[in-house]
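Next come the chains, spelled out residue by residue.
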Amino acid sequence: MAKKRTSSSVNISAANAVIAFLVLLLAFSTLLLFRNYKDTILESGNFNLFILLVGIGFGLLITLLYLINSKGK
């Protein structure tokens, strides 16, 4: 027999969708940010710092996405 979806599971699904959308939105905005300021980033010598901060930010967001989507038993 199929399980009935409770309101809490609907809320969790909505939260998962919102978090996934935010991760995609941040990825797109980071791409646009680099596209607009690539000359400034590269000339000032801050490319390594930019990549480090982007890597840390995406690592935290992917960890959050994993924690949100993991099934708590």
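Here, the structure is the one placed above.
Just so it is clear, the model here is predicted, and its values are computed rather than measured.

A. Local environment of the overall build of the protein chain. For the protein chain, the count of helices and strands is two helices and zero strands. Classification of the 73 residues of the protein chain by burial places 8% in the buried group. Entry remark: accessible area of the protein chain is about 6,300 Å², with carbon and sulfur atoms responsible for 69%.

B. Spatial organisation of the packing of aromatic side chains. One pass over the structure, following the stated rule, counts two aromatic pairs. Seen from their ring centres, Phe 34 and Phe 47 are 6.0 Å apart, and the 50° between their planes marks the pair as tilted. Taken together, the residues span a long stretch of sequence, with Phe 34 in helix α1 (residues 7-44) and Phe 47 in helix α2 (residues 47-69) at a distance of 13 residues. Phe 47 gets classed as partly exposed once you look at its relative accessible area, which sits at 32%. Taken together, a centroid distance of 5.5 Å and an interplanar angle of 25° make the contact between Phe 34 and Phe 50 stacked.

C. Representation of the environment of Ile 19 within the structure. Position of Ile 19 among the secondary structure elements: in helix α1. It is 8.2 Å that separates the C-alpha atoms of Ile 19 and Ile 68, two residues lying 49 residues apart in sequence. Not counting residues within four places of it along the chain, the set of residues in contact with Ile 19 comprises Leu 64, Leu 65 and Ile 68.

D. A look at a nonpolar patch on the surface. Side chains of Leu 49, Leu 52, Leu 53, Ile 56 and Leu 60 sit close together on the surface and give an oily, nonpolar patch of about 500 Å² of accessible area. Topologically, Leu 53 is positioned in helix α2. For Leu 53, a relative accessible area of 53% corresponds to the exposed category.

Thresholds, definitions, all that
Counting restarts for each chain, with residues numbered from 1 along the sequence as it is written. Given that this is a predicted model, residues contribute local features only at a pLDDT of at least 70 and side-chain atom pairs are listed and counted only at 80 or more, while totals for whole chains, interfaces and linings are drawn from all residues. With hydrogens and water excluded, all non-hydrogen atoms of the structure serve as input to the side-chain values. Segments assigned H or I by DSSP are reported as helices when at least four residues long, segments assigned E as strands when at least two residues long, and all are numbered from the N terminus. Relative accessibility decides the category of a residue: with a 1.4 Å probe and only protein chains considered, values under 20% of the type maximum give buried, values over 50% give exposed, and everything between is partly exposed. Only the protein chains shown count as cover for residues, with accessible areas throughout obtained via the Shrake-Rupley method and a probe of 1.4 Å. Ring geometry is summarised as follows: Phe, Tyr and Trp rings, the Trp one being its six-membered ring, pair when their centres sit within 6.5 Å, and such pairs are stacked at plane angles under 30 degrees, edge-to-face over 60 and tilted between the two. Note on contacts: a residue pair qualifies if any of its non-hydrogen atoms lie within 4.5 Å across the two residues. Without a salt bridge and with relative accessible area above 30%, a residue can belong to a patch; like charges are then joined within 9 Å and nonpolar side chains (Val, Leu, Ile, Met, Phe, Trp, Tyr) within 5 Å. A side-chain nitrogen of Lys or Arg and a carboxyl oxygen of Asp or Glu constitute a salt bridge if their distance falls within 4 Å.

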